[in-house]
Amino acid sequence: HGVLYMLLISFVLLTALYPMISYLHIFNQPKEIEPLATEYLKYLSWSIVPLGIYMALRQFSEGISRPVPPMVFLYLSVGMNVFLNWVFIYGNLGFDPMGLNGAGLATLVSRTFMALSYFGYMSLSPAFKMYRIPINKIQLERIRFKRLFNIGVPSGVQYLFEVGAFSFSGIMMGWISTQALAAHQISLNIATFTFMFVLGVSFATSVRIGQAYGAKDFKGVRDIGVSSLIFAVILMSFNGMVFYLLRKFLPSLYIDNIEIVQIASQLLILAAAFQIFDGVQAISIGILRGMEDVKIPTLITFIVYWVFAIPLEYFYAFKMNLGPKGIWLGLLTGLALSSLFLTLRFLKLASKHQQRESHAPKVS
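Not measured: the values here are computed from a predicted model.

(A) Structural detail: the overall build of the chain. Counting secondary structure elements, the chain contains 12 helices and zero strands. For the chain, the α and β elements follow one another from N to C terminus as α-α-α-α-α-α-α-α-α-α-α-α. Its C-alpha atoms give the chain a radius of gyration of 22 Å, near enough to 21 Å, the size a compact globule of 364 residues would have. Here the C-alpha coordinates of the chain stretch approximately 75 × 50 × 35 Å along the principal axes. Per-residue burial for the chain yields a buried fraction of 41% across its 364 residues. Of the contacts formed within the chain by residues at least 6 apart in sequence, a portion of 77% connects residues at least 24 apart. Carbon and sulfur atoms form 69% of the exposed surface of the chain, whose accessible area is close to 20000 Å². Across the chain, the 27 positively charged side chains and the 16 negatively charged ones have centroids separated by 12 Å.

(B) Structural view of the side chain of R58. In this structure, R58 sits in helix 3 (residues 48–63). Relative accessible area serves as the criterion here: at 13%, R58 is assigned to the buried category.

(C) Just helix 4 (residues 68–90), in detail. Taking 1.5 Å per residue as the helical rise, helix 4 with its 23 residues ought to reach 33 Å, and the 33 Å between its terminal C-alpha atoms agrees with that figure. All of the buried residues along helix 4 are P69, P70, F73, S77, N81, L84, V87 and F88. In the core, the buried residues of helix 4 are packed alongside helix 3 and helix 5 (100–124). G91 lies just past helix 4 and shows a positive phi near 75°.

(D) Molecular detail of unusual backbone geometry. Positive phi, normally seen in glycine, also occurs at K216, with a value near 60°. Looking at where K216 falls in the secondary structure, it is placed in the loop between helix 7 (178–214) and helix 8 (218–245). In this model, N321 sits at a positive phi of 55°, which is unusual for a non-glycine residue. Residue position: N321 is located in the loop between helix 11 (295–319) and helix 12 (324–359). For N321, a relative accessible area of 65% gives the class exposed.

(E) A look at the pattern of salt bridges. The tally for this structure, following the rule as stated, stands at three salt bridges. Of the charged contacts, one joins R58 and E62 as a salt bridge, the two residues approaching to 3.5 Å between their closest N and O atoms. Taken together, the residues R58 and E62, both in helix 3 and four residues apart, mark about one turn of the helix. R345 serves as the salt-bridge partner of D293, at 2.9 Å between the closest nitrogen and oxygen. Within this pair, whereas D293 is found in the loop between helix 10 (258–290) and helix 11, its partner R345 is found in helix 12, the two being separated by 52 residues in sequence. Of the residues examined, D293 reaches a relative accessible area of 12% and is grouped as buried. Since its relative accessible area comes to 18%, R345 is described here as buried.

(F) Here's a closer look at the nonpolar core. In terms of nonpolar packing, the biggest core is built from 54 residues, with F243, W328 and F346 touching the most fellow members. Top contributing element to this core by residue count: helix 10, with 15 residues. In contact with W328, other than residues within four places in its own chain, are M173, H184, S187, L188, L267, L270, A271 and F274. Counting residues in each nonpolar core, the second largest holds eight residues, with L57, F73, M114 and Y118 among its members.

(G) Here's a closer look at empty space enclosed by the protein. All told, the structure shown has one cavity of 30 Å³ or more when counted by the stated rule. Put simply, the largest cavity is a space of about 30 Å³. If you trace the largest cavity, you find it lined by S155, Q158, I285, L288, R289, D293, V294 and P297. Taken together, the elements giving at least two residues each to the lining of the largest cavity come down to helix 6 (142–176) and helix 10. Among the elements that line the lining of the largest cavity, the one with the most residues is helix 10, at three residues.

(H) Fine view of helix 11. With 25 residues, helix 11 extends 34 Å between its outermost C-alpha atoms, agreeing within 8% with the 36 Å of an ideal straight helix rising 1.5 Å per residue. Of all the bends found along helix 11, the most pronounced is centred on A309 and spans about 35°, while P311, a proline, follows it within four residues. Within helix 11 the residues assigned to the buried category are P297, T298, I300, T301, V304, Y305, A309, I310, E313 and A317. In the segment just after helix 11, N321 is the residue with positive phi, at about 55°.

The rules behind each value
- Residues numbered from 1 in each chain as written.
- Predicted model: local features only at pLDDT ≥ 70, side-chain atom pairs only at ≥ 80, totals over all residues.
- Heavy atoms only, no water.
- Helix = DSSP H or I, 4+ residues; strand = E, 2+ residues; numbered from the N terminus.
- Rg over C-alpha atoms; globule rule 2.2 N^0.38 Å.
- Buried < 20%, exposed > 50% of the residue type's maximum accessible area, 1.4 Å probe, protein only.
- Contact = heavy atoms within 4.5 Å.
- Areas by Shrake-Rupley, 256 points an atom, 1.4 Å probe, with all protein chains shown as cover.
- Lys, Arg positive; Asp, Glu negative; His and termini not counted.
- Charge placed at Lys NZ, Arg CZ, Asp CG, Glu CD.
- Expected span 1.5 Å × (residues − 1).
- Salt bridge = Lys/Arg side-chain N within 4 Å of Asp/Glu carboxyl O.
- Core = buried A, V, L, I, M, F, W, Y, C linked by side-chain atoms within 4.5 Å.
- 1 Å grid on protein atoms, 1.4 Å probe; cavity = no way out; pocket = protein on both sides within 12 Å on 5 of 7 lines; lining within 4 Å.
- Points joined across faces, edges and corners; volume = space filled by probe spheres on them.
- Bend = angle between axes of the 7 residues up to and from the residue.

Shown next, in the form of structure tokens:
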């Protein structure tokens, strides 16, 4: 059911995104970027389909506490992507140089490999034998699709609001200068790298919370949630210190342009500050998703990013003339508010469930 749902969603996204590629000029980006981005996105948009299939298979594996196999195939895909970048972008092994288009094609090929190879592994591995059903015995049930819809759509919209806010921040960076946009992408890439660790903890927390919540072990839900939040604070505090201490060195690994490195180093100071907030909000989202609480968190995400963060980014950057730092100050505000309200939401629900459990009649 999950794979079919992701196939449907992927094709809907592809159908919606592909025609929009020709209208990138409405975002008022530097002229030299538009033709490159247009061709690159054509390849990237098609890669949504295999990525959707892989995501459904990966979530299933993680839901039954088997996170290692999808991780291995993800690493294999990343390795293939790096190799194909070298082949297609620069024209090695007899291929013509494709530049940025080569990066898009490499992503499409590697994501397709990732989805098909992992599906093949799950179809043959003894570890998944008990979950395999012959095609002629598969029965599609409306109630399963409905439950996936009720949990998945708000969760997806929630993610869309957050990622959309960061993407729109990149658009505003383009309004400032090409150098600011490059520094933003470098800093965001560095911050995303460390975020992946806490995101993995968030997935694990969601699975454990879901198991405890399904068993009505509400004390366990609270204990797992609080422990995960504490771990996130410790982990992301360490990452923040690394960002601050290496703020000039890390951007230099990407580019030797002094101006871009200088802007990125300033942004990494703010990235160091929002590491804790980013970690806490990621864990809180995972906790609430495990408790099947997705609608209120989606509303919270919309308000903190699109009602507060985005307007503040514009105000700080263009009205107070803080430039790139102003945009990241707005992001910092959004992450801080998100972590606060999502954590309070978890604590409130956990307390309410524990109170109900304590007042429930005991069965002897």
